[in-house]
Amino acid sequence: MQQQAIETTQTTEAPRLARLRALHASRLAFEAESRSLKRRLRAPWQEPMADAQRRLHQLRQSLTEIYCVLAFTRGRVHRRTEPTCWLGVPWEGKWDALDYAKRVTARFAPELLSEVQS
């Protein structure tokens, strides 16, 4: 009986841990690429850097969203201030940090959202 309960817990925990590990792996890769791009942008420019600047902005936005998801899974909120836009659309309405965290988590990792809410 106890053995069966342990196996059930392990099987339900495995997808969550796998998703969290994937988010952490993405976070580390994005952070490394962001540092590399930032280093290139700080040096004197030898070529047009508009594409690098756009990519850096995308990376930073993705990192913020990953941080929001990871914080939300721990019962915290990463972004406390209103963003200027979300998914390229100006933010409208009353700002709610918890609602923002739920929206980002629903987009990035909906399976984690259902576990946090229950």
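Residues numbered from 1 in each chain as written. Predicted model: local features only at pLDDT ≥ 70, side-chain atom pairs only at ≥ 80, totals over all residues. Heavy atoms only, no water.

Describing helix α2 (residues 50-73)
- The end-to-end C-alpha separation of α2 is 35 Å, in line with the 34 Å expected for 24 residues at 1.5 Å each.
- Positive phi shows up at G75, right after α2, with a value of about 80 degrees. (Helix = DSSP H or I, 4+ residues; strand = E, 2+ residues; numbered from the N terminus. Expected span 1.5 Å × (residues − 1).)

Some remarks on the nonpolar core
- In this structure, L20, L23, I66, C68, V69, L70, W95, A97, Y100, V104, A109 and L112 together form the largest nonpolar core, which totals twelve residues.
- Counting only elements with at least two residues in this core, the list comes to α1 (2-42), α2 and α3 (97-108).
- In terms of residue count, the dominant contributor to this core is α2 (four residues).
- By size, the runner-up hydrophobic cluster in this structure holds six residues, among which are L41, M49, A52 and L59. (Core = buried A, V, L, I, M, F, W, Y, C linked by side-chain atoms within 4.5 Å. Buried < 20%, exposed > 50% of the residue type's maximum accessible area, 1.4 Å probe, protein only.)

Some words on the side chain of S34
- As for its position among the elements, S34 is in helix α1.
- Within the structure, the side chain of S34 is placed 2.9 Å from the side chain of R60, a separation counted as a polar contact.
- Beyond its immediate sequence surroundings of up to four residues, S34 is in contact with L56, L59, R60 and L63. (Polar contact = N/O pair within 3.5 Å; in protein donor to acceptor, adjacent residues only side chain to side chain. Contact = heavy atoms within 4.5 Å.)

Describing the confidence of the model for the protein
- Scored by pLDDT, the protein comes out at a mean of 81, with 77% of its residues at no less than 70.
- Of all helices and strands in the protein, the one with the weakest mean pLDDT is strand β1 (residues 85-86) (62), whereas α2 scores best (92).
- Counting contacts from residues 1-9, a segment whose pLDDT is below 50, to residues more than four positions away or on other chains yields zero contacts. (pLDDT = per-residue confidence, 0-100.)

A few points about α3
- A rise of 1.5 Å per residue sets the reference length of α3, with its twelve residues, at 16 Å; its end C-alpha atoms lie 16 Å apart and thus fit the reference within 8%.
- Every buried residue of α3 is listed here: A97, Y100, A101, V104 and T105. What you see down the axis of α3 is that its buried residues fit within an arc of 130 degrees, all on one side. (Arc of directions from axis to C-beta.)

Examining a positive patch on the surface
- A cluster of basic residues, R35, R39, R42 and R60, forms a positive patch at the surface.
- By residue number, the principal contributor to the positive patch is α1, which donates three residues.
- Residue position: R35 is located in helix α1. (Patch = residues over 30% accessible without salt bridge, like charges linked within 9 Å, V, L, I, M, F, W, Y side chains within 5 Å. Areas by Shrake-Rupley, 256 points an atom, 1.4 Å probe, with all protein chains shown as cover. Salt bridge = Lys/Arg side-chain N within 4 Å of Asp/Glu carboxyl O. Lys, Arg positive; Asp, Glu negative; His and termini not counted. Charge placed at Lys NZ, Arg CZ, Asp CG, Glu CD.)

Overview of the environment of Q58
- Tracing the sequence through the fold places Q58 in helix α2.
- Put simply, Q58 and F30 are 28 residues apart on the chain and 9.8 Å apart in space, counted from C-alpha to C-alpha.

Things to note about the packing of α2 against α3
- Relative orientation of the contacting elements α2 and α3 amounts to 105 degrees, with a least axis distance of 9 Å. Here α2 lies roughly perpendicular to α3, going by the angle between them. Listed contacts from α3 to Q61, S62, E65, I66, C68, V69 and F72 of α2 are L98, Y100, A101, K102, V104, T105, R107 and F108.
- Per-class residue counts for the contact of α2 with α3 are nine nonpolar, three polar and three charged. (Axes fitted to C-alpha atoms, helices over the stretch in contact; angles between N-to-C directions. Parallel < 35°, antiparallel > 145°, perpendicular 65-115°, else oblique. Nonpolar A, V, L, I, M, F, W, Y, C, P; charged D, E, K, R; others polar.)

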